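Commentary on secondary and tertiary structure
In case you want the letters, here they are:
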Amino acid sequence: MSDARDPSTLVFDVNETLLDLTTLEPVFGRIFANAAVMREWFAQLILYSEAMTLAGQYAPFGELAGSALRMVGETQGIPVSDADVEDLKAHIVAMPALPDVVPALEKLRDAGFRLVTLTNSAPGPSPTPLERAGLAVFFDRSFSVHEVGRFKPAPECYRLVAEELGVEPQDLCMIACHHWDVLGAQAIGCAGAFVTRPGNAVLSVPGLTAPDVTADDMGALADEIVARWGRGGVV
């Protein structure tokens, strides 16, 4: 459990937490004749984003995504063309919202929470992925790690949100389907909520901080958050 007790602002991860990462699978099915390679690519993308941060280096997430695709192609013995990279990028910016997201956001907004996002993706022109997915209307602000030149779960990423909103970390709850993202936020004093998505689970290690709230879908997570921290909720 983290030390946070009464967050009023909910900070949402975007890719895979709100937007459907599985819609990228056709790109990998076409290139590699195996849609499941998408999971290997995404794992490498996250691994190297974190490695670059630890090494004090940075490149926009979209560039890293294309480079990770080429790297996976090399390990698979399959050449990846510039057109393949552009196809992947086009699919990334067009990912739709997962079906449980809108009802949950409506419930959380109606319960009086302020909703914002924090993504590894660099800012881009309108329409943004959130605008394309019909989700931008729910969020007061959208933050990118690009502003600090470090990827989540580096503490600077979460501190950016607190500083820009003029609140303490204890006022924030990070919501993600990646336990490493939740851990990063909890490390600076935020609350953390984990929603299960296909291919993701909580890492259970003795002594490792567990999410404050865990649920199998966004609707159940919203119910837990409202019950715990919403008006009339019990901590």
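Summary of the structure given here. (Residues numbered from 1 in each chain as written. Predicted model: local features only at pLDDT ≥ 70, side-chain atom pairs only at ≥ 80, totals over all residues. Heavy atoms only, no water.)

**Examining the layout of surface pockets**
Its boundaries defined by the atoms lining it, the largest pocket holds a volume of some 790 Å³. If you list the elements that add at least two residues to the lining of the largest pocket, you get helix 2 (37-54), helix 3 (61-76), helix 4 (82-93), strand 2 (114-119), helix 6 (129-132) and strand 3 (141-144). The element best represented in the lining of the largest pocket is helix 6, accounting for four residues. A per-class count over the lining of the largest pocket returns 20 nonpolar, 10 polar and four charged. Taken together, 14 residues make up the lining of the second largest pocket; nearest its centre are F42, A43, H178, W180 and N200. Looking at the lining of the second largest pocket, the elements that each hand over two or more residues are helix 2 and helix 8 (179-186). For the lining of the second largest pocket, the element with the most residues is helix 2, which contributes six residues. (1 Å grid on protein atoms, 1.4 Å probe; cavity = no way out; pocket = protein on both sides within 12 Å on 5 of 7 lines; lining within 4 Å. Points joined across faces, edges and corners; volume = space filled by probe spheres on them. Helix = DSSP H or I, 4+ residues; strand = E, 2+ residues; numbered from the N terminus. Nonpolar A, V, L, I, M, F, W, Y, C, P; charged D, E, K, R; others polar.)

**A look at the environment of T22**
Counting through the fold element by element, T22 comes out in the loop between strand 1 (9-12) and helix 1 (25-32). Through-space distance from the C-alpha of T22 to that of L98 is 9.9 Å; in sequence the pair is 76 residues apart. For T22, the residues in contact, after removing those within four places along its chain, are M38 and R39. Polar contacts involving the side chain of T22 include one to the side chain of D20, which spans 2.5 Å. (Contact = heavy atoms within 4.5 Å. Polar contact = N/O pair within 3.5 Å; in protein donor to acceptor, adjacent residues only side chain to side chain.)

**Some thoughts on the nonpolar core**
By size, the foremost hydrophobic cluster in this structure holds 74 residues, and its most contacted members are F12, F28, W41 and L135. At seven residues, the largest contribution of residues to this core is made by helix 2. Among all residues touching L135, those that are not within four sequence positions of it are L18, L19, A97, V101, V102, L105 and L130. (Core = buried A, V, L, I, M, F, W, Y, C linked by side-chain atoms within 4.5 Å. Buried < 20%, exposed > 50% of the residue type's maximum accessible area, 1.4 Å probe, protein only.)

**With respect to the pairing of strand 5 (residues 191-195)**
In terms of residue burial, strand 5 counts as a mostly covered element, since five of its five residues are buried. Side chains of strand 5 alternate between two faces, with A191, A193 and V195 and G192 and F194 buried alike. Relative to strand 5, strand 4 (residues 172-176) runs parallel, the two being bridged by four bridges. In the sheet register, I175 faces strand 5, and the bridge partner there is A193. Handedness of the β-α-β unit built from strand 4, helix 8 and strand 5 comes out right-handed. As paired strands, strand 5 and strand 6 (residues 213-215) are joined by three bridges and run parallel to one another. Residue pairing in the sheet places A193 in a bridge with V213 of strand 6. (Pairing = 2+ DSSP bridges. Right-handed = clockwise from strand over helix to strand, strands pointing away.)

Everything listed here is a matter of coordinates, which is why it stays silent on function.
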